[in-house]
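Structural overview for review
Residues per chain are reported as follows:
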Amino acid sequence: MYIEKRPTSFKFTERYKGLDGKYHSKSVSFSKNNFKTRTEAQSILDKRIKNELTNIPQIRVSDLIDKYITSSNITERSKINYYSSFKGIIDLLKDPMISELNCGYILDCFDAINNNISKYNRYMLLLKMLLNWAFLRNYIDADISKKLRILPESHTHEVSDKYLEPEDLGVLLDYMKKNAIMNI
């Protein structure tokens, strides 16, 4: 904090680095410059700076999605895919304010699609991407995307179940020839 003498007062100024990475300053004036006014000025300036640095915008998840997609450098086809997937996420989460999101709320909402692992994982990946983007741009104050997990996909099919044996292939080809499915 530095103090500037004015004709009728003293100006107490504090510099700080803002959310945008630039330096800003806050100031307050008092008629005297003594220990009591300096400590009072410092506490007032600290409160003002803290309010400025913790001023998180209050927007809905749908608005955040719009900002994310419009600022992303992706193709039009990808934007269409993102919008359709994000619409499903908004339906699950019921479009809350971004400040109301926490891991417990997200996981409770995602329990509705827990039985569809591929859909769950797609939505979770997109949501994690969105939350990480929001954290880096100070829309949320904690990176909750690191706490969210993707479900492991179970691979129940054996490789041998995916291919036909030579005898089975012969039977299939004969059937297809007889029923004019194939032109050989």
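All of the points below concern the structure found in this document. (Residues numbered from 1 in each chain as written. Predicted model: local features only at pLDDT ≥ 70, side-chain atom pairs only at ≥ 80, totals over all residues. Heavy atoms only, no water.)

Among the surface-exposed residues, Leu164, Leu169, Leu172 and Leu173 lie close enough to one another that they form a single nonpolar patch of about 310 Å² accessible area. Relative to the assigned elements, leucine 169 resides in helix α6 (residues 166-178). In this structure leucine 169 comes out as partly exposed when scored by relative accessible area, which is 39%. (Patch = residues over 30% accessible without salt bridge, like charges linked within 9 Å, V, L, I, M, F, W, Y side chains within 5 Å. Areas by Shrake-Rupley, 256 points an atom, 1.4 Å probe, with all protein chains shown as cover. Salt bridge = Lys/Arg side-chain N within 4 Å of Asp/Glu carboxyl O. Helix = DSSP H or I, 4+ residues; strand = E, 2+ residues; numbered from the N terminus. Buried < 20%, exposed > 50% of the residue type's maximum accessible area, 1.4 Å probe, protein only.)

Turning to the sheet that holds strand β2 (residues 10-17), a few remarks are in order. Spatial ordering of the open sheet is given by β1-β2-β3, a layout of three strands whose pairing is antiparallel. A single partner strand is all that each edge strand has here, and the edge strands are β1 (2-5) and β3 (23-30). On average, each strand axis in the sheet is tilted by 30° relative to the strand beside it, whichever way the strands run. Sheet analysis places β2 next to β3, joined by eight bridges and oriented antiparallel. If you follow tyrosine 16 over to β3, its bridge partner there is histidine 24. (Pairing = 2+ DSSP bridges. Axes fitted to C-alpha atoms, helices over the stretch in contact; angles between N-to-C directions.)

This paragraph deals with helix α1 (residues 35-53). Taking 1.5 Å per residue as the helical rise, α1 with its 19 residues ought to reach 27 Å, and the 27 Å between its terminal C-alpha atoms agrees with that figure. Here α1 has its buried residues at Thr37, Ala41, Leu45 and Ile49. Buried residues along α1 cover an arc of 95° about the axis, so they all sit on one side. Exposed residues on α1 whose side chains face more than 90 degrees from its buried face are Phe35, Lys36, Lys47, Lys50 and Asn51. Looking at the packing, one finds that the buried side of α1 touches β2 and β3. (Expected span 1.5 Å × (residues − 1). Arc of directions from axis to C-beta. Contact = heavy atoms within 4.5 Å.)

Moving on: the packing of aromatic side chains. Scanning the model with the defined rule gives six aromatic pairs in all. Plain terms: the ring middles of tryptophan 133 and tyrosine 139 are 5.8 Å apart, the flat faces sit at 20° to each other, and that makes the pair stacked. Pair check on accessibility: tryptophan 133 and tyrosine 139 agree, each one buried. Put simply, the rings of Tyr68, Tyr82, Phe86, Trp133 and Tyr139 touch in pairs and so form one group of aromatic residues. (Phe/Tyr/Trp six-rings, centres within 6.5 Å; stacked < 30°, edge-to-face > 60°.)

Attention now moves to the side chain of lysine 128. With respect to the secondary-structure elements, lysine 128 resides in helix α5 (residues 117-136). Of the buried charged residues, lysine 128 lacks a salt bridge, with aspartate 143 as the closest side chain of opposite charge at 8.3 Å. Contacts of lysine 128, omitting those with residues within four sequence positions, involve Ser145, Leu148 and Ile150. (Lys, Arg positive; Asp, Glu negative; His and termini not counted.)

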